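Below, each chain spelled out in residue letters.
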Amino acid sequence: MPNLIFYQKIKINKGEYVKLNIFSAAQPSGIPTLGNYIGTIRSWNAFQKNYNSIYCIADLHAITKRQNPKLLLKNSLDLLSIYLSCDIDPKISTIFMQSHRPEHTQLSWMLSCYTYFGELKRMVQFKEKSKNNKNINIGLFSYPILMASDILLYQTHKVPAGLDQAQHIELSKLIAKRFNKIYNSNIFNVPELIITQSGSRIMALSNPKKKMSKSDKNKNNFISLLDSEESIIRKIKNAQTDSDQPPVIKYDVIKKPGISNLLCILSELTGKNIIELETYFSNKLYRDLKLEVIHTVLEHIKKIQKKYFSIRSKEKYLIEILQSGSEKAKKIANNTLSKVKNAIGLHS
Ligand code: AQP
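Quick summary incoming for the structure in this document. It should be emphasised that the depicted structure is a prediction, and the values quoted were computed from it without experimental measurement.

## Remarks on the site of the ligand
Every one of the 22 residues lining the ligand counts as a neighbour, but S29, D164, S213, K214 and S215 are closest to it. A distance of 2.6 Å is found between an oxygen atom of the ligand and a side-chain nitrogen or oxygen belonging to S29. A distance of 3.2 Å separates an oxygen atom of the ligand from a polar atom in the side chain of N36. Computed on the free molecule, the ligand has an accessible area of 640 Å², of which 97% lies beneath the protein chains in the complex. For the shell around the ligand, the secondary-structure elements that each account for two or more residues are β3 (21–26) and α1 (34–50).

As structure tokens, then:
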């Protein structure tokens, strides 16, 4: 985790320090990819030591795409097991399922009355996800408001997420500031995005101009954290590069997107910076770069998988984690929601 900037504490009155709040989430829309891992999940374990950490399984976000009803709970427990295998400790962090806390959808409705149509229309992720999609539902469109609600409910200071979420986090900040200003209050903390230094947008292996996504129909485009060793080797060996002669291993996302993606993966996982890697691979072949990426990816994924399979079989334990996480989340969520309702003039 050498690439992350840490802001550990906040100063409050009379020299007393308190921990900052972190919120992050992933959707149970499939097994997380190497992109999800590098972009965010990998950092959560280190954050939990220094922050009040809240990690959510965003099942309500996942239903913006049709999910198999028989698989949604299974996928959520798979995702929880991945969190635990990445060393998120439920005794330290709050881990819960989004749909278990009704405050998220309640706040989302309220905040949708403070968000403008034009603001949502500008969201790049909506444009990308609605392309070639016959099911362009309103949930897909208003997704960023639910995400803002997730973040703002927990008085979040920092949101570790991939660069693809930057625009959504900017919107969350805008909504928080707008709400605070209208009611002349500090009801919401204004959150900040934390990203890794190299930008942490891992691209699809066979098409490095688009993002690596767990629900990509072409399975060769992503490495799932539960892929077999053979399949990881095959996917990386077949990753798109280019036909430069002699081969040039240089970071250039426009002219060399495939090579840049492999360098980015390697840099993120080893902590070595891109320039260092370029120097190391000068005069080497693309094959050499791929072998190094394979070796490094396997090292990380094998560790996760070793823990995953022993945790995943303990279903009762997993359900208990979610129940107790939901109770912990409830206290903070209720507190914020009451303040919002009071400010608006809604009384129970
Ligand atoms: N390719 C990526 N590179 C770096 N970070 C990424 N993230 C997603 N893809 C990449 C980050 O992973 C976190 C969890 O993402 P998510 O599950 O909430 O949803 P997503 O961003 O829509 O991820 P996918 O894999 O593309 O899911 P599907 O295919 O279901 O839409 C976020 O912090 C995200 O930034």
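## Describing the environment of I294
Relative to the helices and strands, I294 is located in helix α12 (residues 286–312). Considered as a pair, I294 and I233 are 61 residues apart in the sequence and their alpha carbons are 6.1 Å apart. Setting aside anything within four residues of it in sequence, one finds I294 in contact with I233, I236 and K237.

## Considerations on the packing of aromatic side chains
Taken as a whole, this structure holds 13 aromatic pairs when the rule is applied. The interplanar angle of 5° and the centroid separation of 5.7 Å between the aromatic rings of F23 and Y154 together place this pair among those described as stacked. Of this pair, F23 sits in strand β3 while Y154 sits in the loop between α7 (138–153) and β6 (158–160), and the two are 131 residues apart along the sequence. Neither F23 nor Y154 differs from the other in exposure class; each is buried. When the centroid spacing of 4.8 Å and the interplanar angle of 75° are considered together, the rings of W44 and Y83 count as edge-to-face. Of the two residues, W44 sits in helix α1 while Y83 sits in helix α3 (residues 69–85), which places them 39 residues apart along the sequence. Side by side, W44 and Y83 carry an identical accessibility label, which is buried. Put simply, the rings of Y114, F179, Y183 and F188 pair up and form one aromatic cluster.

Cut-offs and rules
- Residues numbered from 1 in each chain as written.
- Predicted model: local features only at pLDDT ≥ 70, side-chain atom pairs only at ≥ 80, totals over all residues.
- Heavy atoms only, no water.
- Near = heavy atom within 4 Å.
- Polar contact = N/O pair within 3.5 Å; in protein donor to acceptor, adjacent residues only side chain to side chain.
- Areas by Shrake-Rupley, 256 points an atom, 1.4 Å probe, with all protein chains shown as cover.
- Helix = DSSP H or I, 4+ residues; strand = E, 2+ residues; numbered from the N terminus.
- Contact = heavy atoms within 4.5 Å.
- Phe/Tyr/Trp six-rings, centres within 6.5 Å; stacked < 30°, edge-to-face > 60°.
- Buried < 20%, exposed > 50% of the residue type's maximum accessible area, 1.4 Å probe, protein only.

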